[in-house]
Amino acid sequence: MGFESQLRDSVLEQAHENGRQLVANAQETLDRETKEQKARLKQEKMQQREQEVKVLKRQVQREVQQLENEKRQSTLATKQRILKELFAGAYEQMAAWSLKQEQAFLEQILKKYPQEELVLTFGSRTFGKYSAVQLEQLLERYPQVKLASSVVSGEAGFLLSRGNVDDNYLYRYLVDSLWQEESYRIAQAIFQDKEEEGDCS
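The rules behind these values
Residues numbered from 1 in each chain as written. Predicted model: local features only at pLDDT ≥ 70, side-chain atom pairs only at ≥ 80, totals over all residues. Heavy atoms only, no water. Helix = DSSP H or I, 4+ residues; strand = E, 2+ residues; numbered from the N terminus. Polar contact = N/O pair within 3.5 Å; in protein donor to acceptor, adjacent residues only side chain to side chain. Contact = heavy atoms within 4.5 Å. Patch = residues over 30% accessible without salt bridge, like charges linked within 9 Å, V, L, I, M, F, W, Y side chains within 5 Å. Areas by Shrake-Rupley, 256 points an atom, 1.4 Å probe, with all protein chains shown as cover. Salt bridge = Lys/Arg side-chain N within 4 Å of Asp/Glu carboxyl O. Buried < 20%, exposed > 50% of the residue type's maximum accessible area, 1.4 Å probe, protein only. Pairing = 2+ DSSP bridges. Axes fitted to C-alpha atoms, helices over the stretch in contact; angles between N-to-C directions.

Caption draft 1: Looking closely at the side chain of Gln144. Topologically, Gln144 is positioned in the loop between α4 (132-141) and β2 (145-147). A polar side-chain atom of Gln144 sits 3.1 Å from the main-chain carbonyl oxygen of Tyr113. When near neighbours in sequence (up to four residues on either side) are disregarded, Gln144 contacts Leu110, Tyr113, Pro114, Glu116, Glu117 and Leu118.

Spelled out as structure tokens, the structure:
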């Protein structure tokens, strides 16, 4: 009986030991797998975060670029508006000239055509400043000039016709021509100065 009991105890002890070993192995495997899974999850989260940061960065860069483009467009539109106002102001200033200024300008131009037969057509805004006597005196001083029977409605300045050729001295046309030729150069000069002042301040 003693031997059987001893054998049973030995078998049980062995079984317990195996069980403990299996549990320890299983626990070790579980711990390792848990650790690996945590590391994997951490790695995935880091990669996901990197992706999110990249996406966010791209989005911010796009928005910054868009804002810069809008700023450039806005600056350009502002410059164009300021220039248009300058040129419109120049036209209004010319259209509001006194009769003395009008006469000085007209005579300065007429002197360029000393021998040519000319037909003078006034813009209605300029024509309204002359009295009949003043027109008569003008035509006496420049006998080669004939006065047209009509005026250019709503305009300031005048046209000079030589046969089929019209030389346009209507102020709106003169200002528009200047705008075509000079606006870019003027914009460069004006806004270059303003930017340099801005840098200094």
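Caption draft 2: Up close: a nonpolar patch on the surface. Residues Leu56, Val60 and Val64 make up a contiguous nonpolar surface patch of roughly 250 Å² in combined accessible area. Mapped onto the fold, Val64 is located in helix α1 (residues 2-95). Take Val64: its relative accessible area is 41%, and that puts it in the partly exposed class.

Caption draft 3: Layout of the pattern of salt bridges. This model, assessed by the stated rule, comprises nine salt bridges. One salt bridge connects Glu36 with Arg32, and the closest N-O pair in it is separated by 3.9 Å. Here the residue Glu36 and the residue Arg32 both occupy positions in helix α1, the gap between them amounting to four residues, near one helical turn. With a relative accessible area of 41%, Glu36 lands in the partly exposed category. For Arg32, a relative accessible area of 43% puts it in the partly exposed group. Linked through salt bridges whose partners overlap, the residues forming this network are Glu116, Arg162 and Asp167.

Caption draft 4: Here's a closer look at the sheet that holds strand β1 (residues 118-122). A sheet is described by the order of its strands in space; here four strands give the open sequence β2-β1-β3-β4, paired in mixed fashion. Two strands in the sheet have a free side with no partner beyond their single neighbour: β2 and β4 (165-170). Strand-to-strand twist of the sheet, defined as the mean angle between neighbouring strand axes without regard to direction, takes the value 25°. The sheet contact formed by β1 and strand β3 (residues 157-162) spans four bridges and is antiparallel. What sits directly across from Thr121, in β3, is Leu159. Strands β1, β2, β3 and β4 of the sheet are contacted by helix α2 (residues 99-110), whose axis makes an angle of about 20° with β3.

Caption draft 5: Seen up close, the pairing of β4. For β3 and β4, the ladder comprises six bridges, and the chain directions are antiparallel. Of the residues in β4, the one forming a bridge with Leu159 is Asn168. Here β3 folds back onto β4, and the loop between the two strands holds two residues, one of which, Gly163, carries a positive phi near 65°.

Keep in mind these numbers describe shape, not what the thing actually does.
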